[in-house]
Amino acid sequence: MRTKEEVLMAIKESGMVAVVRGETSEKAMEIVEKCIDGGIKAIELTFTVPYAHRVIEDISRKYGEEIILGAGTVLDSETARIALLSGAEFIVSPHFNPEVTRVCNRYRKASMAGILTITEAVEAMEAGVDVLKLFPGDLFGPAFIKDIRGPLPYVQIMPTGGVTAENAGDWIRAGAVAVGAGSSLMKGDVKANAALFVKNIREAREGK
């Protein structure tokens with residue numbers, strides 16, 4: 001079992017979290033497999049997927065050693081606990097919910113909570129959120145990270161919403177610890193899109 005610190009380090013090293021949604025559990029599993037084939041190491045299975053906790057169990061059993069698996073669209077503490085007991089190694093919420101963060105801290109699991117303002121950012125960090133999820137990121141763009149790092153130079157931000165393979169590098173260069181992408185990743189060839197995300201993030205970190 002990975003520690004919380006190991007999970008966070010792996011996500012940061014990957015630089016990319018694939019946000020997986022699907023009309024059925026079978027479709028979600030198919031998308032996960034294509035993301036893995038494209039080189040993405042961190043997967044967020046959202047609780048909009050039917051029987052999401054069972055899909056998390058299946059993915060964890062099959063790919064648990066290869067990837068970092070998280071649960072997304074977690075709206076309350078009950079769902080967070082179910083996700084963690086099903087095998088999720090990190091929890092992602094579209095908003096900041098102190099009770100969700102408390103559950104993650106209780107079980108020593110990584111947490112990501114959605115924020116849009118400095119006030120929300122500080123409140124989330126004070127509660128123990130590990131990574132702030134800027135959502136929706138396309139409302140602000142990469143400049144937001146540079147701006148927020150003025151008063152909060154130690155902030156850890158992952159944008160989601162409006163992140164594409166083409167602009168992923170811009171987010172990384174601006175200081176994002178990783179990026180999250182769902183809809184742009186799913187358009188067309190998922191495996192090819194995943195590989196392009198991985199390539200552009202790597203090149204951004206190499207200064208290209």
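Residues numbered from 1 in each chain as written. Predicted model: local features only at pLDDT ≥ 70, side-chain atom pairs only at ≥ 80, totals over all residues. Heavy atoms only, no water.

### Quick notes on the pairing of strand β6 (residues 131–134)
Residues of β6 alternate between two faces, with Val131 and Lys133 on one and Leu132 and Leu134 on the opposite face, all of them buried. Pairing analysis gives four bridges linking strand β5 (residues 110–115) to β6, with the strands arranged parallel. Counted as the bridge partner of Ala113 is Leu132 from β6. Note that the unit made of β5, helix α6 (residues 118–127) and β6 has a crossover that is right-handed. Two strands pair when backbone bridges link them, and β6 and strand β7 (residues 157–159) are joined in this way by three bridges, in the parallel orientation. For Leu134, the partnering residue across the bridge sits in β7 and is Pro159. As for the winding sense of the linkage, the β-α-β connection from β6 through helix α7 (residues 143–148) to β7 is right-handed. (Buried < 20%, exposed > 50% of the residue type's maximum accessible area, 1.4 Å probe, protein only. Helix = DSSP H or I, 4+ residues; strand = E, 2+ residues; numbered from the N terminus. Pairing = 2+ DSSP bridges. Right-handed = clockwise from strand over helix to strand, strands pointing away.)

### A short note on the packing of aromatic side chains
Tallying each qualifying case throughout the model produces one aromatic pair. Measuring from centroid to centroid gives 4.8 Å for Phe140 and Phe144, while their planes differ by 50°, and the two rings are tilted. Lying across the ring of Phe135, Lys133 places its NZ or CZ 4.8 Å from the centre. (Phe/Tyr/Trp six-rings, centres within 6.5 Å; stacked < 30°, edge-to-face > 60°. Lys NZ or Arg CZ within 6 Å of the ring centre and 35° of its normal.)

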